[in-house]
Amino acid sequence: MQSERDQLRLFDEPVPVSRRNAAIEASRKAFPEELPTVHAARRFLSQVIIPPSMRWGFISVGKNASTSTLRFLFQAEFGCDLTVDVTPLHDINPSASVHMIADHDVFSRALLRGMAAQELSGPQGPEERVCIVRNPLSRAVSAYRYLCKSHHMASRWFARDRFRMNAVTGFDWGHHTDTEEGFVRFLDYVAWQVNTEGADKVNAHWCPQASFIKPTVFKPTIIGKMEDLDHFFRMLSSRLGTPPTDTAPWENRQSGRADALLECPRARARCEEIYAEDYGTFGY
């Protein structure tokens, strides 16, 4: 008798580029306001991760415990821990291999399957649509610290944004790094990007969450909050029918200590302005 694992199927090769382009165009036609450009549609479909079972679809948002969530979902899907260790050339995430699952036909991406945005909430889409959100101020602090970490490592990760911050806000990487003044200038840079290039061009680690998740398009059925990861993973376990975890597997965490930048009045006011939709949409 065959075991369940003998019958397990993974993804085939991604669909041809022509089908991916067709999915992008169909998505833009269905959601012209939310996905106004090819870039916006491609990014959205690229960030929706799905498993072969199609039990869930997860939109991976930077600085929102996406690494931990993907590791949890791997265990829930296959009943074993993810133990592959691969180091990308430039990624400074120590658990970056987790994000490579979706590019190697174990998990996949909606775009690689040729799925249009409207199909995600249809009968052929995932049974659950999962996202996790975070307090906009604490997320911005975490993103800023992560950006500064890339500078301290002299990494090519975020190099484009570090150059552009220098030019746009006069950010001095020799003096402003990890300072309150530097954080405010970082937020000024985010505002500049949103206003001049559009939110869909902003890096996923500090892009407004509502702009990235696009709730009216993705239509999440499970929304977790990073402030209570234990509850989020218990909820996932219940909905997916998997054994509950004892604690949340929080990875790539910047620091567990209180951050003085959270108390900066100028930064708080700037965040409330830049991320106003996040505060309202997600109940912060």
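The sections below set out a description of the structure shown in this document.

Calculation criteria
- Residues numbered from 1 in each chain as written.
- Predicted model: local features only at pLDDT ≥ 70, side-chain atom pairs only at ≥ 80, totals over all residues.
- Heavy atoms only, no water.
- Helix = DSSP H or I, 4+ residues; strand = E, 2+ residues; numbered from the N terminus.
- Rg over C-alpha atoms; globule rule 2.2 N^0.38 Å.
- Buried < 20%, exposed > 50% of the residue type's maximum accessible area, 1.4 Å probe, protein only.
- Contact = heavy atoms within 4.5 Å.
- Lys, Arg positive; Asp, Glu negative; His and termini not counted.
- Charge placed at Lys NZ, Arg CZ, Asp CG, Glu CD.
- Axes fitted to C-alpha atoms, helices over the stretch in contact; angles between N-to-C directions.
- Parallel < 35°, antiparallel > 145°, perpendicular 65-115°, else oblique.
- Left-handed = near helix turned anticlockwise from the far one by under 90°.
- Nonpolar A, V, L, I, M, F, W, Y, C, P; charged D, E, K, R; others polar.
- Phe/Tyr/Trp six-rings, centres within 6.5 Å; stacked < 30°, edge-to-face > 60°.
- Polar contact = N/O pair within 3.5 Å; in protein donor to acceptor, adjacent residues only side chain to side chain.
- Pairing = 2+ DSSP bridges.

What to know about the overall build of the chain
- Scanning the chain from terminus to terminus reveals eleven helices and five strands.
- Taking 284 residues into account, the globule formula puts the C-alpha radius of gyration at 19 Å, and the chain, at 19 Å, falls close to it.
- Dimensions of the chain along its principal axes, counting C-alpha atoms only, are 65 × 45 × 35 Å.
- Considering the chain as a whole, with its 284 residues, one finds that 50% of them fall into the buried category.
- Counting contacts in the chain only where the partners sit at least 6 residues apart, residues at least 24 apart contribute 73% of the total.
- On the chain, the mean spot of the 34 positive side-chain charges and the mean spot of the 35 negative ones are 3 Å from each other.

Some details on the packing of helix α6 (residues 180-196) against helix α10 (residues 265-274)
- At a minimum axis distance of 10 Å, the contact between α6 and α10 shows a crossing angle of 15°. Considered as vectors, α6 and α10 are oriented roughly parallel to each other. In terms of crossing hand, the pair formed by α6 and α10 is left-handed. Residues Glu180, Glu181, Phe183, Val184, Leu187, Asp188, Val190 and Ala191 of α6 pack against Arg266, Ala267, Arg270, Cys271 and Ile274 of α10.
- Taken together, the residues of the contact of α6 with α10 sort by class into eight nonpolar, no polar and five charged.

Brief notes about the packing of aromatic side chains
- Applying the stated rule across the entire model yields 16 aromatic pairs.
- Aromatic pair Phe78 and Phe107: ring centres 6.0 Å apart, planes at 20°, arrangement stacked. Here Phe107 lies in the loop between α3 (66-78) and β3 (108-109) and Phe78 lies in helix α3, a separation of 29 residues in the sequence.
- By relative accessible area, which is 8% here, Phe78 ends up buried.
- Relative to Phe171, the ring of Tyr144 lies with its centre 6.5 Å away and its plane at 75°, an arrangement referred to as edge-to-face. Here Tyr144, found in helix α4 (residues 136-152), pairs with Phe171, found in the loop between α5 (159-169) and α6; they are 27 residues apart in sequence, far enough to count as distant.

Section: the packing of α3 against helix α9 (residues 229-240)
- Taken N-terminus to C-terminus, the directions of α3 and α9 make an angle of 30°; their axes are 12 Å apart at the nearest point. By the angle between their axes, α3 is roughly parallel relative to α9. Taken as a pair, α3 and α9 cross one another with a handedness that is right-handed. Packed against α3, whose contacting residues are Ser68, Thr69, Phe72 and Leu73, the element α9 presents Phe232, Phe233, Leu236, Ser237 and Leu240 at the interface.
- Its residues assigned to classes, the contact of α3 with α9 comprises six nonpolar, three polar and no charged.

A word on the side chain of Lys63
- With respect to the helices, strands and loops of the structure, Lys63 is situated in the loop between β2 (56-59) and α3.
- Taking relative accessible area as the criterion, Lys63 reaches 9% and is therefore assigned buried.
- Looking at Lys63, its side chain comes within polar contact range of the side chain of Ser142, at 3.3 Å.

Some remarks on the sheet that holds strand β1 (residues 48-50)
- Pairing is mixed across the open sheet formed by five strands, whose spatial order is β3-β1-β2-β4-β5. Since the sheet does not close on itself, it has two edges, and those belong to β3 and β5 (222-225), each with one partner.
- Note: β1 against β3, two bridges, orientation antiparallel. Counterpart to Ile50 in the pairing with β3 is Ser108.
- Contacting β1, β2 and β3, helix α2 (residues 38-47) crosses the sheet at an angle of about 35° to β1.
- Lying over the sheet, α9 contacts β2, β4 (128-133) and β5, oriented at roughly 155° with respect to β5.

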